[in-house]
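Report on the structure
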Amino acid sequence: MTRIFILATLIISSFAFSQKKKYKLDVVSNIDAKVIALKPFGNNALAKNLEPFYGFGFGGNLMTPINFGIGLDYNMLFSNVKYDQKNLYGNLGSPKMTIVDVFLTHRENISEEFMVEEMAGFSYYNQSNLLIDENLKLKNSGMGFNLGAKAIYVLEGAQSVFVAAKYNYYGNNIYNENPEIQKYYSRSHFLSLSLGYRYSF
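What you see is a predicted model; the values in this text were computed from it and never measured.

1. Focus on the pairing of strand β8 (residues 187–200)
Of the pairings in the sheet, the one linking strand β1 (residues 28–41) to β8 comprises 12 bridges and is antiparallel in character. By the bridge assignment, A33 is partnered in β8 with Y197. The sheet contact formed by strand β7 (residues 159–171) and β8 spans 13 bridges and is antiparallel. From the neighbouring strand, A164 faces β8, where its bridge partner is S194.

Take a look at the structure:
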């Protein structure tokens, strides 16, 4: 019985190694760097009180031979309170948002130089504001999902540039007895546009 187990283990290991060796060059790793403009929209607190966010991000994905893959994005964005909303929003300044997206992606090869990637997945955000009078940071976070697409143009070799659009939805655990007020403060919608550089290996 022990000999059979050892033999089976050796066969499986040899097969796995041969498959990895066979396909290792077909799995492409991509690293992205980008600048981002993100706008809150809809009837919610962030859309009514804050200016659009601007910032930068880094990410990457692993693309398999069948053009499906998994990816991760990390973005940091900055905004300002709208001038006519300062009293309503509170004595807060320097809104900052960190967004982490984990997503599945699919690639469509349009030509040798042009391709499109669709994305869908899980999203987490953390927003912080500085309470000016007390020099204290207030934080708010939420979870949701993201949907997006990326148009990629290959420059030369492993280098390419891209433009991407994404929709993010978030909900958090803010509670209020009035369901309309709770909805206003606990749900957020964002649209973003980004321009970036990609290196593949």
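2. Considerations on the pattern of salt bridges
With the rule as written, the count across this model stands at seven salt bridges. Here R198 makes a salt bridge to D32, at a shortest N to O gap of 2.8 Å. Linking R198 in strand β8 with D32 in strand β1, this pair joins segments that are 166 residues apart in sequence. Just as R198 is buried, D32 falls in that class too.

3. A closer look at unusual backbone geometry
Residues apart from glycine generally show negative phi values, whereas peptide bonds are mostly found in trans. Notably, N67 is not glycine yet its phi reads approximately 65 degrees, a positive angle. Here N67 is to be found in the loop between β2 (53–63) and β3 (68–78).

4. Here we look at the packing of aromatic side chains
Inspection of every chain in the model, using the stated rule, returns eight aromatic pairs. Ring centres of Y125 and Y170 lie 4.6 Å apart, and the angle between their planes is 55 degrees; on these two criteria the pair is classed as tilted. A residue pair is termed long-range when its members are at least 10 positions apart, and Y125 in strand β5 (residues 114–131) and Y170 in strand β7 qualify at 45 residues. Take Y125: its relative accessible area is 1%, and that puts it in the buried class. Following the ring pairs from residue to residue traces out a cluster consisting of F41, F145, Y167 and Y169. Cation over ring: K150 sits above F162, and NZ or CZ is 4.6 Å from the ring centre.

5. Overview of the confidence of the model for the chain
Scored by pLDDT, the chain comes out at a mean of 84, with 81% of its residues at no less than 70. Between residues 1–24, whose pLDDT stays under 50, and residues either more than four places distant or in other chains, the model counts one contact.

6. Some details on the nonpolar core
I36, L38, L46, L50, F53, L77, V81, M97, I99, Y125, Y170 and F190 form the largest nonpolar core, which has 12 residues in total. Of all the elements in the fold, those that place two or more residues in this core are β1 and β4 (92–109). Among residues more than four places away in sequence, those in contact with Y125 are M97, T98, I99, N140, S141, G142, Y170, N172 and S188.

7. Remarks on a nonpolar patch on the surface
Where nonpolar side chains cluster on the molecular surface, the patch consists of V27, L62, I70, L72, V102, L104, F122, Y124 and M143 and spans about 800 Å² of accessible area. Listing elements by their share of the nonpolar patch, those giving two or more residues are β3, β4 and β5. Relative to the helices and strands, L104 is located in strand β4.

8. Structural notes on the pairing of strand β6 (residues 136–156)
Pairing geometry for β5 and β6, over 18 bridges, is antiparallel. Within the sheet, the bridge partner assigned to N129 lies in β6 and is L138. Here β6 folds back onto β7 in antiparallel fashion, the turn holding two residues, of which G157 has a positive phi close to 60 degrees.

Each value, and the rule that gives it
- Residues numbered from 1 in each chain as written.
- Predicted model: local features only at pLDDT ≥ 70, side-chain atom pairs only at ≥ 80, totals over all residues.
- Heavy atoms only, no water.
- Pairing = 2+ DSSP bridges.
- Helix = DSSP H or I, 4+ residues; strand = E, 2+ residues; numbered from the N terminus.
- Salt bridge = Lys/Arg side-chain N within 4 Å of Asp/Glu carboxyl O.
- Buried < 20%, exposed > 50% of the residue type's maximum accessible area, 1.4 Å probe, protein only.
- Phe/Tyr/Trp six-rings, centres within 6.5 Å; stacked < 30°, edge-to-face > 60°.
- Lys NZ or Arg CZ within 6 Å of the ring centre and 35° of its normal.
- pLDDT = per-residue confidence, 0-100.
- Contact = heavy atoms within 4.5 Å.
- Core = buried A, V, L, I, M, F, W, Y, C linked by side-chain atoms within 4.5 Å.
- Patch = residues over 30% accessible without salt bridge, like charges linked within 9 Å, V, L, I, M, F, W, Y side chains within 5 Å.
- Areas by Shrake-Rupley, 256 points an atom, 1.4 Å probe, with all protein chains shown as cover.

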